[in-house]
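# Reading the structure
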Amino acid sequence: MNQLAYVDEAMHQPAIARATCHYVLAALLLQPAYSTQLRELVKTLRVSGPRFHWRVEHEVSRRKAIQTVAAADASHIVVVGAPLDGRKQERARRQCLKRLLFELEKSGVEQVFLESRTQELNRAEITVIDQMRRQHIISPKLRLEYAKPEGPVGEPLLWIPDVICGAVTAAFKGNPAHLASVAPLIERHDIALT
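What comes next concerns the included structure. Bear in mind the structure is a predicted one, so any value in this text is a computation, not a measurement.

When helices and strands are counted, the protein chain shows six helices and six strands. For the protein chain, the N- to C-terminal ordering of α and β elements is β-β-α-α-β-α-β-α-β-α-α-β. For 194 residues, the compact-globule estimate of 2.2 N^0.38 gives 16 Å, and the protein chain sits close to it at 16 Å. Judged by the C-alpha coordinates and their principal axes, the protein chain covers about 45 × 45 × 30 Å. Looking at the protein chain residue by residue over its 194 residues, the buried ones come to 50%. Taking as baseline every contact in the protein chain between residues at least 6 positions apart, the subset at least 24 positions apart corresponds to 76%. The averaged location of the 21 negative side-chain charges in the protein chain is 4 Å from the averaged location of its 26 positive side-chain charges.

As C-alpha cells, then:
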C-alpha cells in the first residue's frame, strides 16, 4: 500500500492515586500523495507558538483540530497500554511501540516518522527497534525516522497523532466527545503492560 505513518505519544496520569494510568501511542496513516495537502491543512491549526499541542491549547482550538482530523482522508492506529507505572515509562513505550510497529507494517506502512525526543532516548530506541527486526516482529523494509514537530524544518503532520492522543486521554478524563468524533477512523489496540 506504500503508506506513511506519523507517531506521537501521550500519558494519562489521573489525579486520583489509585486510578489506572495509561500510555498512548497514536499513528496517522496516509498515502504519500496526500501528505502535502494535509500538511498545509494542519498548519491552519496553529494559533500561537511554533506548533499545535493538545495539552496547551484552549477548548476552541481542540474542537477545530478534532474537526480537521475527522474530515481528513486518513486513518489512525492507536495502542493503549495499561496499567502504567510512572517509573517505567520507557518500558511502557517499548511495549506499545512493539505492537504499533507490528500493526503499521501489517497495514502496509513503509515509512514511520516518530516524534524526536532526546538524542539519548532516540539512540536507545533504535537499539530496541533493531532487536525487533532481529526477532522478526518487523521487517528490515519498515523504515523509521525521527522528526521534530516544530521549527523551520518541523513536521506538522506529527500534530495529528498529538490530536488523536489528546482525544484518547480526554476520554480517560471523562470527556469522550472529542474521541467520539474521530473513533470511526481509529483502529485501537489495548495491551497489558508488564
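Don't stop here, the text continues.
Between helix α3 (residues 89–106) and helix α4 (residues 119–134), whose axes approach to 11 Å, the crossing angle comes to 45 degrees. Viewed along their axes, α3 and α4 adopt a mutual orientation that is oblique. In this structure, the crossing between α3 and α4 has a hand that is right-handed. Judged by residue contacts, Glu90, Arg93, Arg94, Leu97, Lys98 and Leu101 of α3 engage Leu121, Glu125, Val128, Ile129 and Met132 from α4. When the residues that make up the contact of α3 with α4 are grouped by side-chain class, the tally is six nonpolar, no polar and five charged.

Applying the stated criterion across every chain, the model contains 13 salt bridges. Here Arg99 makes a salt bridge to Glu103, at a shortest N to O gap of 2.9 Å. Within this pair, Arg99 and its partner Glu103 are both found in helix α3, separated by four residues, close to a single helical turn. One salt bridge connects Glu125 with Arg117, and the closest N-O pair in it is separated by 3.5 Å. Given a relative accessible area of 15%, Arg117 falls into the buried group. Taken together, the shared-partner salt bridges in this structure form one network comprising Glu9, Glu90, Arg93, Arg117 and Glu125.

Turning our attention to the sheet that holds strand β5 (residues 143–147). In space, the six strands of this open sheet follow the order β5-β4-β1-β2-β3-β6, with mixed pairing throughout. The outermost strands of the open sheet, each flanked by one partner alone, are β5 and β6 (186–192). For this sheet, the mean inter-axis angle between neighbouring strands, taken without regard to orientation, is 20 degrees. Note: strand β1 (residues 3–12) against strand β2 (residues 22–30), nine bridges, orientation antiparallel. Within β2, the residue paired with Asp8 across the bridge is Ala26.

Bringing the nonpolar core into the picture now. Note on soluble globular proteins: their nonpolar side chains tend to be buried together. With 35 residues, the main nonpolar core has Tyr6, Leu28, Leu30, Leu38, Val78 and Val182 as its most contacted residues. Looking at which element gives the most residues to this core, the answer is helix α5 (residues 159–172), with eight residues. Ranked by size, the runner-up nonpolar core spans 27 residues in total, among them Leu29, Leu97, Val109 and Ile191.

Overall, the coordinates contain one aromatic pair when judged by the stated rule. Pairing Tyr6 with Phe113 gives two aromatic rings, centres 4.8 Å apart and planes at 10 degrees, and the pair type is stacked. With Tyr6 in strand β1 and Phe113 in strand β4 (residues 109–115), this pair connects stretches of sequence that are 107 residues apart.

So, on to the pairing of β4. β4 sits mainly inside the fold: six of its seven residues count as buried. When β1 meets β4, the two strands line up parallel, connected through five bridges. Residue Val7 lies in a different strand from β4, and its bridge partner there is Leu114. Sheet topology note: the β4/β5 ladder contains five bridges and is parallel. The partner of Phe113 across the bridge, within β5, is Glu145. As a crossover connection, the stretch from β4 through α4 into β5 is right-handed.

Rules used throughout
Residues numbered from 1 in each chain as written. Predicted model: local features only at pLDDT ≥ 70, side-chain atom pairs only at ≥ 80, totals over all residues. Heavy atoms only, no water. Helix = DSSP H or I, 4+ residues; strand = E, 2+ residues; numbered from the N terminus. Rg over C-alpha atoms; globule rule 2.2 N^0.38 Å. Buried < 20%, exposed > 50% of the residue type's maximum accessible area, 1.4 Å probe, protein only. Contact = heavy atoms within 4.5 Å. Lys, Arg positive; Asp, Glu negative; His and termini not counted. Charge placed at Lys NZ, Arg CZ, Asp CG, Glu CD. Axes fitted to C-alpha atoms, helices over the stretch in contact; angles between N-to-C directions. Parallel < 35°, antiparallel > 145°, perpendicular 65-115°, else oblique. Left-handed = near helix turned anticlockwise from the far one by under 90°. Nonpolar A, V, L, I, M, F, W, Y, C, P; charged D, E, K, R; others polar. Salt bridge = Lys/Arg side-chain N within 4 Å of Asp/Glu carboxyl O. Pairing = 2+ DSSP bridges. Core = buried A, V, L, I, M, F, W, Y, C linked by side-chain atoms within 4.5 Å. Phe/Tyr/Trp six-rings, centres within 6.5 Å; stacked < 30°, edge-to-face > 60°. Right-handed = clockwise from strand over helix to strand, strands pointing away.

Bear in mind that shape data such as this cannot, by itself, settle questions of function.
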